[in-house]
Amino acid sequence: MTDTVVTQPRAPYRAWRDPSLSAEVRVDALMREMTLEEKTAQLYGVWVGASDEGGEVAPYQHDMEEPVDLDDLLPAGLGQLTRPFGSAPVDPALGALSLMRTQERITAANRFGIPAVAHEECLAGFAAWGATAYPVPLSWGATFDPALIREMAAAIGRDLRAVGVHQGLAPVLDVVRDARWGRVEETIGEDPYLVGTIATAYVQGLESSGVVATLKHFAGYSASRAGRNLAPVGVGARELADVILPPFEMAVRESGVRSVMHAYTDTDGLPSAADDRLLTGLLRDTWGFTGTVVADYFGIAFLKTLHGVAGTFGEAAGAALAAGVDVELPTVKTFGAPLLDAVRQGHVSEELVDRAVRRVLLQKTRLGLLDPDWSPVPPALRGADLTADPDRLRGTVGLDPAANRELAGRIAERAVVLLRNDGTLPLDPRVPRRIALIGPLAETPTAVLGCYSFPVHVGSRHPGTPLGIELPTLREALAAEFPGAEIVVAPGTGVDDDATEGFAVALELARGADVVVAALGDRAGLFGRGTSGEGCDAESLVLPGAQQRLLDALLDTGTPVVTTLLSGRPYALGRAADESAAVVQTFFPGEAGTAAIAAVLSGRTDPSGRLPVSVPRHPGAQPSTYLASRLGHRSEVSSIDPTPAFGFGHGLTYTTFAWSDLDVETSETSTDGELRLALTVANTGGRTGTEVVQLYLHDPVASVVQPVRRLVGYVRVDLAPGESRRVHVTVPADLASFTGREGTRVVEPGALELLFGSSSTEPRLTARVTLTGPVRRVDHHRRLHATWSIRS
């Protein structure tokens, strides 16, 4: 008698589960099996909040939408989970457990076991309770240091991935056109080249960790009229092509970015969410982008409710799909039943649905979400006992480790901009002195945080909940930096309440002090709850509330005043721009920000930040930017002078530099050639310092009006006292290109000036060069960068 061998039935072969096949073949196989409902389910997200007890997420109640019923939705599948960590305070370990259990529910509920992509905000760090709060993007721009921002983004990405998040909604590539706009703090600056290089580095860092980066807001959001949030945009085609779009083009070409978010705004009457020339013609057909286009929150519905270009939500869905939007965020509104009805009635082609689904599923496949060994257990929970009491996990996952804090500190220090100094700084910490710390931000822990930091964005709605991270106040940072000093403190006034009752006490303290540190600036918030942030636009660039009056009164005391700004935008400082002993500008420098300020004040850190935006001299001369034509600068036929108090790129150090020996190795080249130049930079002072060599291009005569000068390259040069370095640069003629009369990008022959400067207003050396030959048309394959080398 022989033994009977019992074989278990084999699971049916599913091509989409086969990692040996290409992603395209796998997705094609999957889509052939899917119903229309299952396809559309991959095209929307659901806004949820993770459970602080480790249970499944719950639909988030938002004032713009009613919560969805997951039991109704999940059998068809789900494309995305919106902000599971960023909707309420939740312990990171329990949030990761909650997300894991929700992914188990999602995969069990749909026929194909497809998990959702989880996305989060990460504009200044992972926007989750207890996560590191890095400096805001305007501070990234102030560093002029792409490598440092790449390092930061990789750290943010590792934290996101550790708890199960796949996509981050950053960076912002909007170029500042009007500093009154509330979201200036979210931008990198007012120059497209600076924005492009820093943002591209951020994307490279985030993507290197396996997280999908998202370029936003595509395109023109920051160019709204009067600096108002979500207002119409009236830029011309040339401004759009030469100022607004280049950062996006650079990032698409160089960073490996996998997602783009459309802008809310309409440009010349056409909403971005319905603009096929932008989202398909330019982004995909010309630039070659192959990832997903996601909606800014509620942006597809806005085609009906705000823009009035769709009569129904089904029409809005069809318009967005046709334009090239693939995913509706934050929650299902138009890509659910309205889209299904529109397809069934023949108003929207199912081919448009298939096009978007294919992109979404390709991305999920490449993220490993369709692999047979995919696990919902995130890296942070691997090895943990997930069957025990969930509360035992509390506190076991940290999102603000020492390495993150050290990195945040380096960025904050490098982003501090010393605008003015009469020699008062640095303050020797060994010298006993009385410091009067005056201003509304002297003892405010959150003064260093921007609008999209978790404690401001979410934590403010949960009073009594701990901040989750250490946020030393400026008073505490100064006390640590100057242990021998007597520090007296008075707010003087509020950030924006116009109160002057506290002036008397503040001024008395100032008169009795050796030096005043004035702690002034903004309070970040949302939709009018702050002086900076989304929906917190400014009527003028006067310091909010009574702060300017307080500052003027402090100057009148005769005590040296170190004006210290923690803000989200630049402000006109009135007399203080010329009369302060020193002016120190920071842009929401993050959790290590006050320590960075104190280190610069003491001289423990040598300041090396440079302005990513101009500081205006007059508060009403807006909109204004250094990137302007001759008519945009001061003239004798207007009573408004837009000349800044401190120009783009400006920043002082505690040493001095000499620039010399400019060698124009190639003074003439063809319109498809390159120019080679070199100069010497020497540290002529007694301290170590960093000079930021900035290269500007001036085109004296062109076929269309050009900016007086524009940044085409930069490099940081670190020098010890007495040290000099030879700086070499190769400049391709492509950098002189612009959008010509016919609407195409051209390089024209003729004379040019290449200006090496320490800012846009402080040229040091000028090279006069010539391009020869015919007018040359260039496209998105042109060279984007000068090549630098630094030699001894």
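The subject of this paragraph is the overall build of the protein. Helices and strands together make up the secondary structure of the protein, namely 21 helices and 30 strands. Relative to the 2.2 N^0.38 estimate, which gives 28 Å for 792 residues, the radius of gyration of the protein is 27 Å and therefore close to what a compact globule would have. In terms of overall dimensions, the protein has C-alpha extents of about 100 × 65 × 60 Å along its principal axes. Within the span of the protein, comprising 792 residues, buried residues form 62% of the whole. Nonlocal contacts in the protein, meaning residues at least 24 apart in sequence, comprise 79% of its contacts between residues at least 6 apart. Summed over its atoms, the accessible surface of the protein is roughly 28,700 Å², and 49% of this surface lies on carbon and sulfur atoms.

Before going further, it helps to examine the sheet that holds strand S12 (residues 434-438). With mixed pairing, six strands are arranged side by side in an open sheet as S11-S16-S15-S14-S12-S13. The open sheet is flanked by strand S11 (417-421) and strand S13 (486-490), the only strands paired with a single partner. Averaged over all pairs of adjacent strands, the angle between strand axes in this sheet comes to 15 degrees, irrespective of strand direction. Of the pairings in the sheet, the one linking strand S15 (residues 561-567) to strand S16 (residues 582-587) comprises six bridges and is parallel in character. The partner of Leu-565 across the bridge, within S16, is Gln-585. Relative to the sheet, helix H17 (residues 474-481) contacts S12, S13 and strand S14 (515-521), its axis offset from that of S13 by approximately 170 degrees. The strands touched by helix H21 (residues 593-602) within the sheet are S14, S15 and S16, with S15 carrying the most contacts at an inclination of about 155 degrees.

Each full turn of the α-helix corresponds to 3.6 residues, which orients residues three or four apart in the same direction. If you check which residues of helix H13 (residues 337-344) are buried, you get Leu-339, Leu-340, Ala-342 and Val-343. Buried residues in H13, looked at end-on, bunch into an arc of 165 degrees, giving them a common side. Here the buried face of H13 lies against helix H2 (36-41), helix H12 (313-323) and helix H14 (350-366).

What follows concerns the packing of aromatic side chains. This structure, assessed with the given rule, holds 14 aromatic pairs. Their ring planes at 65 degrees and their centres at 5.3 Å tell us that Trp-47 and Tyr-297 sit as a pair that is edge-to-face. On the criterion of sequence distance, the pair formed by Trp-47 in strand S1 (residues 45-49) and Tyr-297 in the loop between strand S10 (292-294) and helix H11 (302-305) is long-range, its members being 250 residues apart. Each member of the pair, Trp-47 as well as Tyr-297, carries the same accessibility label: buried. Plain terms: the ring middles of Tyr-264 and Phe-302 are 5.4 Å apart, the flat faces sit at 45 degrees to each other, and that makes the pair tilted. Note that Tyr-264 is positioned in the loop between strand S7 (259-262) and strand S8 (266-267) and Phe-302 in helix H11, a separation of 38 residues in sequence. For the pair shown, Tyr-264 and Phe-302 are each scored as buried.

The subject of this paragraph is the pattern of salt bridges. Overall, the coordinates contain 43 salt bridges when judged by the stated rule. Two residues, Arg-716 and Asp-145, come together in a salt bridge whose shortest N-O distance is 4.0 Å. Taken together, the residues Arg-716 in strand S23 (residues 710-719) and Asp-145 in the loop between helix H5 (137-143) and helix H6 (146-162) connect sequence positions 571 residues apart. Comparing Arg-716 with Asp-145, the two get one shared label, buried.

Turning next to the nonpolar core. Tyr-202 and Phe-218 are the most contacted members of the largest nonpolar core, which has 227 residues in total. With eight residues, helix H7 (residues 192-208) is the largest single contributor of residues to this core. When neighbours within four sequence positions are excluded, Phe-218 is seen to be in contact with Leu-245, Phe-248, Val-260, Met-261, His-262, Ala-263, Ser-272, Leu-278, Leu-279, Leu-282, Leu-283 and Trp-287. Core analysis: the second largest hydrophobic core is formed by 30 residues, Val-681, Leu-719, Ala-733 and Ala-736 among them.

Any covalent bond linking the sulfur atoms of two cysteines counts as a disulfide. For the structure on display, the rule yields zero disulfides. Of all cysteine sulfurs in the structure, the one in Cys-536 sits closest to Cys-451, which takes part in no disulfide; the separation is 6.5 Å.

Quick look at the pairing of strand S27 (residues 750-757) now. Relative to S27, strand S22 (residues 689-698) runs antiparallel, the two being bridged by five bridges. Residue pairing across strands places Gln-694 opposite Gly-757, the latter belonging to S27. By the bridge criterion, eight bridges tie S27 to strand S28 (residues 763-772) in an arrangement that is antiparallel. In the sheet register, Leu-752 faces S28, and the bridge partner there is Val-769. Between S27 and S28, which pair antiparallel and follow one another directly, the connecting turn spans five residues.

Adjacent strands of a sheet form backbone hydrogen bonds with each other and so pair up, either parallel or antiparallel. Ordered by their spatial adjacency, four strands build an open sheet running S19-S21-S24-S30, and the pairing between neighbours is antiparallel. In this open sheet, the two strands that pair with only one neighbour each are strand S19 (657-664) and strand S30 (787-791). When the angles between neighbouring strand axes are averaged without regard to direction, this sheet yields 20 degrees.

Relative to the elements of secondary structure, Arg-26 occurs in helix H1 (residues 23-33). Residue Arg-26 is classed as buried on the basis of its relative accessible area, which comes to 4%. Here Leu-370 takes part through its backbone oxygen, which lies 3.3 Å from a polar atom of the side chain of Arg-26. Leaving out residues up to four positions away in the same chain, Arg-26 has contacts with Ala-15, Trp-16, Arg-17, Asp-18, Pro-19, Leu-21, Thr-365, Leu-370 and Asp-371.

Let us now look at the environment of Gly-757. Examined against the element boundaries, Gly-757 turns out to sit in strand S27. In the structure, Gly-757 is positioned 63 residues away from Gln-694 in sequence and 5.3 Å away in space, judged by C-alpha atoms. In this structure Gly-757 touches Trp-659, Val-692, Val-693, Gln-694, Glu-762, Pro-763 and Arg-764, once residues within four positions along its chain are discounted.

So, about unusual backbone geometry. Cis geometry is adopted by the peptide bond preceding Pro-426, which originates at Leu-425 and carries an omega value of 0 degrees. With respect to the element layout, Pro-426 can be found in the loop between S11 and S12. A cis amide bond, omega 0 degrees, links Gln-622 with the succeeding residue Pro-623. Unlike most non-glycine residues, Leu-230 shows phi in positive territory, near 50 degrees. Inspection of the secondary structure puts Leu-230 in the loop between strand S6 (214-218) and helix H8 (237-244). With relative accessibility at 29%, the residue Leu-230 sits in the partly exposed group. Phi at Asp-268 is positive, roughly 50 degrees, even though this residue is not glycine. Counting through the fold element by element, Asp-268 comes out in the loop between S8 and strand S9 (270-271).

Cut-offs used in this document
- Residues numbered from 1 in each chain as written.
- Predicted model: local features only at pLDDT ≥ 70, side-chain atom pairs only at ≥ 80, totals over all residues.
- Heavy atoms only, no water.
- Helix = DSSP H or I, 4+ residues; strand = E, 2+ residues; numbered from the N terminus.
- Rg over C-alpha atoms; globule rule 2.2 N^0.38 Å.
- Buried < 20%, exposed > 50% of the residue type's maximum accessible area, 1.4 Å probe, protein only.
- Contact = heavy atoms within 4.5 Å.
- Areas by Shrake-Rupley, 256 points an atom, 1.4 Å probe, with all protein chains shown as cover.
- Pairing = 2+ DSSP bridges.
- Axes fitted to C-alpha atoms, helices over the stretch in contact; angles between N-to-C directions.
- Arc of directions from axis to C-beta.
- Phe/Tyr/Trp six-rings, centres within 6.5 Å; stacked < 30°, edge-to-face > 60°.
- Salt bridge = Lys/Arg side-chain N within 4 Å of Asp/Glu carboxyl O.
- Core = buried A, V, L, I, M, F, W, Y, C linked by side-chain atoms within 4.5 Å.
- Disulfide = S-S within 2.5 Å.
- Polar contact = N/O pair within 3.5 Å; in protein donor to acceptor, adjacent residues only side chain to side chain.

The values reported here are purely geometric and, on their own, carry no functional implication.
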